[in-house]
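The residues making up each chain are set out below.
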Amino acid sequence: MLMNKNHEKELLENTVKRFVEEELYPHEETVDKNGEVPLELGRQIEKKSKDLGLFAANLPIEVGGGGLDYESMLLIEREYGKTSHALHAWAARPTEILLACNEEQKKRYLDPCVTGEKRELFALTEPEAGSDIMSMKTHAKKDGNDWILNGSKHFISGPVMPDFAIVFASTGEDETPRGKRKRITAFLVDVGENGFEIGIGTKCVSYRGYHAFRLNFSDVRLGPNQILGEEGKGLELSGKWLGMGRIWVGASCCGKAERLFELAKDWASTRKQFGQPIGKFQATGFKLADIAIELRAADLMVNDAVRRANEGKMSDADAAMVKVYCSEMLNRAADNTLQLYGGMGLMEELPIQRLWRDSRLERIWDGTSEIQRHIITRSILRPLGA
Ligand SMILES: Cc1cc2nc3c(=O)[nH]c(=O)nc-3n(C[C@H](O)[C@H](O)[C@H](O)COP(=O)(O)OP(=O)(O)OC[C@H]3O[C@@H](n4cnc5c(N)ncnc54)[C@H](O)[C@@H]3O)c2cc1C
């Protein structure tokens, strides 16, 4: 970790490190094998994180959150990155989009998320609308003052069955200079509403135990106060927080790469072949050097992005660069570490194969590497009129 830390930040980093190592690491293997975090364990993690002041640490003090600044959140996300989402997600960081709640919505949705009484999902992706989010089919039609919601979402992830979902749906079309464009609106939809079905979808081999839910909406009637923010402004609302989300993915990738690096160093210096530690062969030793170089570069990028965010200067392209570089750096680190371990790297009794599987998701969620590169290219070409 490269930041110049004051005493408070050092204390925070040590607290999170201890929390991750003592409360989360011991459960990784069983959770991965069983594909489930037992409710009791989830509640225990939740309680411990509350005791330590880590629960909802990302939200402002005015709404009851921890009010931590970006540098502090970076320390937290980097440490959490070392372990599984299935576990650290219980120490919730409710989505900042909920800060758009009006007074009545705050009481029903934001406040209970801050206290841990309720859990939310962020539901954008659909079976036929992944990267191409504007092709979403989920729609809501006006009926008097109400809205009638129809459609489906998949890959909507969370640690436990949620209480409500923030659902993005089309509520019409706007004419723009580039042709027609869907109006996307964010709705707050309670689990249990008539016509809203939710279940655990296909199992993912990354972060086993972190569920990807499938949501179906069939004529779900929603009152006018179920709109989050303004009608037609759903994407602008989520876009406000998307960039920082990608920086946190970057931070988390650095954490996991550091854990892999420790494991790689350990094996390279102790496993002997041809009478010497395998790290002494240039072909294996250079893998360690590559991991070290790229991890340093990734940490610098994340720190730089946080500085830019603090100055209000972080662009979409900055966040995209962090997401691409850090997630791909992590995948190279995971692959190199596994190669260093040889056959043992693929054996279930060691964590390498799990960290390798977990790493793979980072290049896909929160926007794939290809989509991030598209954002970067656009930022280069648009000012040139191309
Ligand atoms: C475990 C898990 C958890 C998730 N959690 C959530 C969640 O909580 N909420 C949520 O809304 N979503 C969530 N997602 C969805 C995730 O954001 C999408 O999977 C991701 O955006 C990619 O969409 P897709 O899987 O449909 O792939 P597709 O969009 O079908 O893409 C397939 C391939 O084509 C490439 N491609 C597509 N378009 C282009 C293009 N224009 N140029 C170049 N290449 C392109 C992609 O990069 C990819 O390699 C989750 C996904 C997973 C796997």
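Residues numbered from 1 in each chain as written. Predicted model: local features only at pLDDT ≥ 70, side-chain atom pairs only at ≥ 80, totals over all residues. Heavy atoms only, no water.

> Would you take a moment to explain the site of the ligand for this structure?
Residues in contact with the ligand amount to 16 residues; listed here are only the nearest, T125, S131, F155, T368 and E370. Within the contact set of the ligand, a nitrogen atom lies 2.7 Å away from a side-chain nitrogen or oxygen of T125. Here the element with the most residues in the shell around the ligand is strand β3 (residues 146-158); it accounts for three residues. A breakdown of the residues in the shell around the ligand according to their chemical character gives nine nonpolar, five polar and two charged. (Near = heavy atom within 4 Å. Polar contact = N/O pair within 3.5 Å; in protein donor to acceptor, adjacent residues only side chain to side chain. Helix = DSSP H or I, 4+ residues; strand = E, 2+ residues; numbered from the N terminus. Nonpolar A, V, L, I, M, F, W, Y, C, P; charged D, E, K, R; others polar.)

> Can you walk me through the packing of helix α4 (residues 70-80) against helix α7 (residues 234-270) in this structure?
Geometry of a packed helix pair, given as the angle between the helix axes and the separation of the axes. Axis separation between α4 and α7 bottoms out at 7 Å; the angle between their running directions is 45 degrees. The angle between the axes of α4 and α7 places the two elements in the oblique class. In this structure, the crossing between α4 and α7 has a hand that is right-handed. Of the residues in α7, those touching α4 at Y70, M73, L74, E77 and R78 are M244, W248, A251, S252, C254, G255 and E258. Across the contact of α4 with α7, the residue classes tally to seven nonpolar, two polar and three charged. (Axes fitted to C-alpha atoms, helices over the stretch in contact; angles between N-to-C directions. Parallel < 35°, antiparallel > 145°, perpendicular 65-115°, else oblique. Left-handed = near helix turned anticlockwise from the far one by under 90°. Contact = heavy atoms within 4.5 Å.)

> Sorry, what's going on with the pattern of salt bridges here?
Side chains bearing opposite charge may pair, as long as their charged atoms lie close to each other. Applying the stated criterion to the full structure yields 31 salt bridges. Between D69 and K9 there is a salt bridge, and its shortest N-O distance comes to 3.2 Å. Taken together, the residues span a long stretch of sequence, with D69 in the loop between α3 (39-51) and α4 and K9 in helix α1 (residues 7-24) at a distance of 60 residues. The residue K17 makes a salt bridge to E79 at a minimum N-O spacing of 3.7 Å. Highlighted residues: K17 in helix α1 and E79 in helix α4, separated in sequence by 62 residues. (Salt bridge = Lys/Arg side-chain N within 4 Å of Asp/Glu carboxyl O.)

> I'm lost on the domain arrangement of the protein in this one. Help?
Many analyses report the size of an interface as the accessible area lost when the parts associate. Looking at the assigned domains, one finds that the protein contains domain 1 (7-93), domain 2 (120-232) and domain 3 (237-384). Between domain 1 and domain 3, the residue contacts involve 14 residues of the former and 22 residues of the latter. Taken together, both faces of the contact between domain 1 and domain 3 bury some 1,700 Å²; the carbon and sulfur share is 52%. For domain 1, the biggest contributors to the area lost against domain 3 are Y70, L74 and R78; these three give 38% of the whole. Across the domain 1-domain 3 interface, the total number found is six salt bridges. The interface formed by domain 1 and domain 3 contains 10 residue pairs in polar contact (both at pLDDT 80 or more). Of the residues that constitute the side of domain 1 that touches domain 3, the class distribution is four nonpolar, three polar and seven charged. (Domains from an automatic or database assignment. Buried area = accessible area lost by both parts, 1.4 Å probe.)

> In this structure, what is going on with the side chain of S327? I would like to understand it.
In this structure, S327 sits in helix α9 (residues 316-341). Relative accessible area serves as the criterion here: at 0%, S327 is assigned to the buried category. Side-chain polar atoms of S327 contact the backbone oxygen of K323, separated by 2.6 Å. Discounting residues that sit within four places of it in the chain, S327 has contacts with C253, V322, E362, R363 and S369. (Buried < 20%, exposed > 50% of the residue type's maximum accessible area, 1.4 Å probe, protein only.)

> What should I look at first to understand the state of the cysteines in this one?
As enumerated under the stated definition, the model contains zero disulfides in all. The cysteine C113 is free of any disulfide, with C101 supplying the nearest cysteine sulfur at 8.2 Å. For C113, a relative accessible area of 1% translates into the label buried. C254 takes part in no disulfide bond, and the closest cysteine sulfur, belonging to C326, lies 4.2 Å away. (Disulfide = S-S within 2.5 Å.)

> What am I meant to see in the side chain of T171 here?
By the element assignment, T171 lies in strand β4 (residues 164-176). A polar atom in the side chain of T171 sits 2.6 Å from the side chain of T185. Every residue in contact with T171, bar those within four places of it in the chain, is listed here: A140, W147, R183, T185, F187, E231 and G232.

> What's the story with the nonpolar core in this structure? I'm lost.
Grouped together as the largest cluster of nonpolar side chains are 61 residues, with contacts concentrated most on I76, Y80, I247 and V302. For this core, the secondary structure elements donating two or more residues are α1, α3, α4, α5 (85-88), α7, α8 (282-310), α9 and α10 (352-361). Core analysis: the second largest hydrophobic core is formed by 25 residues, I97, V114, L124 and M136 among them. (Core = buried A, V, L, I, M, F, W, Y, C linked by side-chain atoms within 4.5 Å.)

> How should the packing of aromatic side chains be read in this particular structure?
Think of a pair of aromatic rings as described by two things: how far the centres are apart, and how the planes are tilted against each other in angle. Considering all chains together, one arrives at 10 aromatic pairs under this definition. A centroid spacing of 5.1 Å and a plane angle of 55 degrees characterise the contact between F122 and F168, whose relative ring orientation is tilted. In this pair, F122 is assigned in strand β1 (residues 120-123) and F168 in strand β4, connecting sequence segments 46 residues apart. Given the relative accessible area of 0%, F168 is considered buried. Of note, K50 hangs over the ring of F55, and the distance from its end group to the ring centre comes to 5.1 Å. (Phe/Tyr/Trp six-rings, centres within 6.5 Å; stacked < 30°, edge-to-face > 60°. Lys NZ or Arg CZ within 6 Å of the ring centre and 35° of its normal.)

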